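Fold and contact review
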Amino acid sequence: MKIAVLSGKGGTGKTTVSTNLAKVMNWDYVDCDVEEPNGFIFLKPNVLKTKKVNVPIPKIDDEKCINCKKCVEICQFNALAGTNTGIILFEKLCHSCGACELVCPVDAITEEERSIGKIDIGQSEDIKCMRGVLDVGEPMAVPIIKELKSLIDEKPTIIDCSPGSSCSVVSAIEGVDYAVLVTEPTAFGLHDLKIAVSLVKEMKIPFGVIINRAEEENDLITRYCKEEGIYLLGKIAFDRKAAVLYSQGKLLIEDEVFRKGFEEIGRKIEGVKRCN
Amino acid sequence: MQLVVISGKGGTGKTTVAASLAYLSEKSIKVDCDVDASNLHILLQGKDIEEENFFGAKVANIDSNKCIKCGACEKVCRYDAIKNYQVDPLKCEGCAACTVVCEQNAILLKDEVTGKTIITQTNKGLLSRADMVIGAEGSGKLVTKVRKNAMAHRKNNEWIILDGTPGIGCAVMASVTGCDAALIVVEPTQSGLEDFLRVLSLINFFGVKPFVCINKYDINEDMTIEIEKYCKEEGIDVLGKIPFDPCVKEAVNALKPIVSYKESKASKEIIKIWNKLKEIYKEDV
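Residue numbers run consecutively from 1 along every chain, following the written order of its sequence. The naming scheme follows written order: chains are lettered A onward, ligands numbered 1 onward. Where totals are concerned, whole chains, interfaces and linings use all residues; where local detail is concerned, this predicted model gives features only for residues with pLDDT of at least 70, and gives and counts side-chain atom pairs only at 80 or more. Excluded from the side-chain calculation are hydrogens and water; included are all heavy atoms of the structure.

With respect to the overall build of chain A
The criterion, for reference: Strands are runs of DSSP state E lasting at least 2 residues, helices are runs of H or I lasting at least 4, and numbering of each runs from the N terminus. The rule is simple: take the accessible area with a 1.4 Å probe, protein chains only, and divide by the maximum for that residue type; under 20% is buried, over 50% is exposed, in between is partly exposed. Contact criterion: two residues are considered in contact whenever any of their non-hydrogen atoms come within 4.5 Å of each other. Methods summary: accessible areas were calculated by the Shrake-Rupley approach with a probe of 1.4 Å, and residue burial reflects only the protein chains presented.
The number of helices and strands found in chain A is ten helices and eleven strands. Along the three orthogonal principal directions, the C-alpha set of chain A runs to about 70 × 40 × 35 Å. For chain A, the residues scored as buried account for 58% of the 276 residues in total. In chain A, of all internal contacts separated by at least 6 residues, the share reaching a separation of at least 24 is 71%. Looking at chain A as shown, the accessible area adds up to about 11500 Å², and 49% of this sits on carbon and sulfur atoms.

A look at the domain arrangement of chain B
Rules: Domain segmentation is taken from an automatic or database assignment of domains.
Parsing chain B into structural domains produces domain 1 (2-54 + 115-281) and domain 2 (64-105). In this structure, domain 1 of chain B and domain 2 of chain B have C-alpha centres spaced 41 Å apart.

Focus on the interface of chain B and chain A
As a reminder of what qualifies: Note: buried area is the sum, over both parts, of the accessible area (probe 1.4 Å) each one loses when the two are combined. By definition here, a salt bridge exists when the distance from a side-chain nitrogen of Lys or Arg to a carboxyl oxygen of Asp or Glu is within 4 Å. Two N or O atoms count as a polar contact when they lie within 3.5 Å, although within protein this holds only if one can serve as hydrogen donor and the other as acceptor, and sequence-adjacent residues are included solely when both atoms are side-chain atoms. Three categories are distinguished: nonpolar for Ala, Val, Leu, Ile, Met, Phe, Trp, Tyr, Cys and Pro, charged for Asp, Glu, Lys and Arg, and polar for the others, with Gly belonging to the last.
If you look at the interface, chain B gives 62 residues, while chain A gives 61 residues. The junction of chain B with chain A conceals about 4700 Å² of combined surface from both sides, 57% of it contributed by carbon and sulfur atoms. Taken as a group, B:Arg78, B:Ile134 and B:Arg198 account for 14% of the area that chain B buries against chain A, more than any other trio of residues on that side. One can count three salt bridges joining chain B with chain A. With its nearest N and O atoms 3.1 Å apart, the salt bridge here joins A:Glu174 to B:Lys91. For the pair chain B and chain A, the interface holds 27 residue pairs in polar contact (both at pLDDT 80 or more). Elements represented by at least two residues in the side of chain B that touches chain A include exactly helix H2 (40-44), helix H4 (97-101), helix H6 (170-176), helix H7 (190-205) and helix H9 (247-253) of chain B. At eight residues, H7(B) tops the list of elements feeding residues into the side of chain B that touches chain A. Its residues assigned to classes, the side of chain B that touches chain A shows 28 nonpolar, 20 polar and 14 charged.

Structural notes on the pattern of salt bridges
According to the stated counting rule, one finds 25 salt bridges over all chains in the structure shown. The closest approach of N and O atoms between A:Glu111 and B:Arg78, which form a salt bridge, is 2.8 Å. Pair noted here: A:Glu111 is in strand S6 (residues 109-124) and B:Arg78 is in the loop between helix H3 (72-76) and strand S4 (82-83), and the two residues belong to different chains. Given a relative accessible area of 32%, A:Glu111 falls into the partly exposed group. Via salt bridges that share partners, A:Glu91, A:Arg114 and A:Glu138 belong to a single interconnected network.

Digging into the packing of helix H7 (residues 187-202) of chain A against helix H8 (residues 220-228) of chain A
Residues and elements named next belong to chain A. The criterion, for reference: Simply put, an axis is a line fit to the C-alpha atoms, just over the touching stretch for a helix, and the angle between two N-to-C directions goes from 0 to 180 degrees. Put simply, angles under 35 degrees are roughly parallel, angles over 145 are roughly antiparallel, angles from 65 to 115 are roughly perpendicular, and the rest are oblique. In this scheme the handedness of a crossing depends on how the near helix is turned from the far one: anticlockwise by less than a right angle means left-handed, clockwise means right-handed.
Direction vectors running N to C along H7 and H8 enclose 30 degrees, while the axes themselves pass 10 Å from each other. Between H7 and H8, the angle is such that the two are roughly parallel. You can see that H7 and H8 cross each other, and the crossing is right-handed. Across the interface between the two elements, Ala187, Gly189, Leu190, Leu193, Lys194, Val197 and Lys201 of H7 pack against Leu220, Ile221, Tyr224 and Glu228 of H8. Taken together, the residues of the contact of H7 with H8 break down into seven nonpolar, one polar and three charged.

Topic: the side chain of A:Asp255
Residue and element names in this part refer to chain A. Along the chain, Asp255 falls in the loop between helix H9 (240-247) and helix H10 (256-275). For Asp255, a relative accessible area of 13% translates into the label buried. In this structure the side chain of Asp255 is engaged in a polar contact, spanning 3.0 Å, whose partner is the side chain of Lys241. A polar contact of 3.0 Å, which involves the side chain of Asp255, links it to the backbone nitrogen of Val257. Discounting chain neighbours no more than four positions away, the residues touching Asp255 are Lys241 and Leu245.

Quick look at the domain arrangement of chain A
All names here are of chain A. Under the domain assignment used here, chain A contains domain 1 (2-53 + 117-273) and domain 2 (62-107). In this structure, domain 1 and domain 2 have C-alpha centres spaced 40 Å apart. Facing four residues of domain 1, the contacting portion of domain 2 comprises four residues. Taken together, the two surfaces of domain 1 and domain 2 that pack against each other cover about 280 Å², and 62% of this comes from carbon and sulfur. For the pair domain 1 and domain 2, the number of links is one residue pair in polar contact (both at pLDDT 80 or more).

A look at the pairing of S6(A)
Residue and element names in this part refer to chain A. The following threshold applies: When DSSP finds two or more bridges between two strands, those strands count as paired.
Here strand S3 (residues 46-60) pairs with S6 via 14 bridges, running antiparallel. Pairing of Lys59 across the sheet is with Thr110, part of S6. By the bridge criterion, eight bridges tie S6 to strand S7 (residues 127-134) in an arrangement that is antiparallel. When the bridges of S7 are listed, Ile121 appears paired with Met130. Between S6 and S7, which pair antiparallel one after the other, the connecting turn spans two residues, and Glu125 there sits at a positive phi close to 50 degrees.

Details of a nonpolar patch on the surface
The criterion, for reference: Like charges are joined within 9 Å and nonpolar side chains (Val, Leu, Ile, Met, Phe, Trp, Tyr) within 5 Å, but only among residues with over 30% relative accessible area and no salt bridge; these make up the patches.
On the surface, A:Ile88, A:Phe90 and A:Leu93 cluster together to form a nonpolar patch covering roughly 260 Å² of accessible area. With respect to the helices, strands and loops of the structure, A:Ile88 is situated in strand S5 (residues 87-89).

Quick word on the sheet that holds strand S9 (residues 181-186) of chain B
Strands pair in a sheet through their backbones, by hydrogen bonds, and they do so in one of two ways: parallel or antiparallel. All names here are of chain B. The nine strands are arranged S3-S6-S7-S2-S8-S1-S9-S10-S11 in an open sheet whose pairing can be described as mixed. Across the chains shown, the open sheet's two edge strands, defined by having one partner strand only, are strand S3 (47-62) and strand S11 (237-242). Taken pair by pair, the neighbouring strands of this sheet meet at an average axis angle of 20 degrees, ignoring direction. Here 14 bridges tie S3 to strand S6 (residues 107-122), and the two strands are oriented antiparallel to one another. The residue bridging Lys58 from the neighbouring strand is Asp111, located in S6. Packing against the sheet, helix H5 (residues 139-152) makes contact with strand S1 (2-6), strand S2 (29-32), S3, S6, strand S7 (125-132) and strand S8 (160-163), and its axis sits at approximately 160 degrees to S7. The strands touched by helix H8 (residues 221-234) are S9, strand S10 (209-215) and S11; relative to S10, the strand with the most contacts, the crossing angle is about 165 degrees.

In structure tokens form, the structure reads like this:
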């Protein structure tokens, strides 16, 4: 059972929801927001193992290369450029597809590994915690997300996704059993929630919504969910106390009222899990 | 002068600040680089005057009449995008490896629309933005196009104000590269500090001059002091400290930039930041 927490947009409380839920539900936690992985700040796991994430990139043997530029022609990402004296590789543009190696008529291309980031694996009490960390200056997050996901075992796991709706999010939520969409009751929140809703609908993932920083009973998100028949998993109240706990790197469930709220949401998710 | 407002992470108030600067600088051209979830037009409103499809990716297409189901394409695809002789467009990166191995020439790459670029006329000047197709690949390329569109409309060397993208990945690099200055919006939180350091190293890498403003500084004043201390050591100007102000949420819900609320404490501080920037760059905007 894998549940992804996403939001359409950053700053809505995705990491807050994922980490607090992981703790009250006693589920494993995986931070796929590899550009800005913040979950460990709150769960404070002991990191037991760190491994590098490598991607294959072409290595061109200048001795063998006949400078036919077939590799340059096939590369769809402009990662290879042909000059009079040989082929130049822009390694950060490389998508590791292997097409250049396939077209080389003289087998001058082999592959070597290049590191783009790392994965940390740790333990916070009973919870196994993993996170991916993309090196600064590296453009591509997806290979790290894919590797992280391959390390998830059979235990129930919460996946904290990156903001937005681009390829990183698609790769993080691919194959999950349920999605939790976190939003806030503002016009921005609604706009971004709609984007997240279309994404999970397109990928045919069942989902529910959590409203963070909720202030009133019948806010614009509640109305939207009712109109669209979207299941509302719960609300997290707008409270300065939450902002203060967050700023100190603490979990909201340290506060009794918030703990009860998250337990309630956790029960609903367990219920959904049984239905699916 | 190209100024990008950036944050390392979403939700720090980047758009609140960017929309305010955009509103205050009537002559500037505005760019919303957050192509995944663009919000600036919600605040600035206005009328769309140009729209164009953007072909930012390619997707493999298998001609079922020619396909002999040999499975070579599925085997060579490193993105698991081909199953049962069908291409999953969400997974396909358009790399062309499958076209190389297909002996029947049954596979062609087709240009794919990954978004729409839009020019919006607001009553505070032009806004260049995009609507990205959900789940699309290559948001960095779309950011580059949105910036190019803004440059095409620039006549007299006007300021370009960019609302950046969250994170540090390809879209952020595309937002930052070539800018003169970056205003980093930082939240005084544990995670805010970590995200700030990551985005700062990216900005330094691109040789862009960094400035900092601390948003909701009074949520955690110890952390604010820590950030200020760090900036001082690194020689980065902290242009302002925006207080927590419930009026900001009111402004968002009223779909107005916070600076249109004259009495708001946050608004006063943002105006101060803007005046400092103008003074530093000594330009009439």
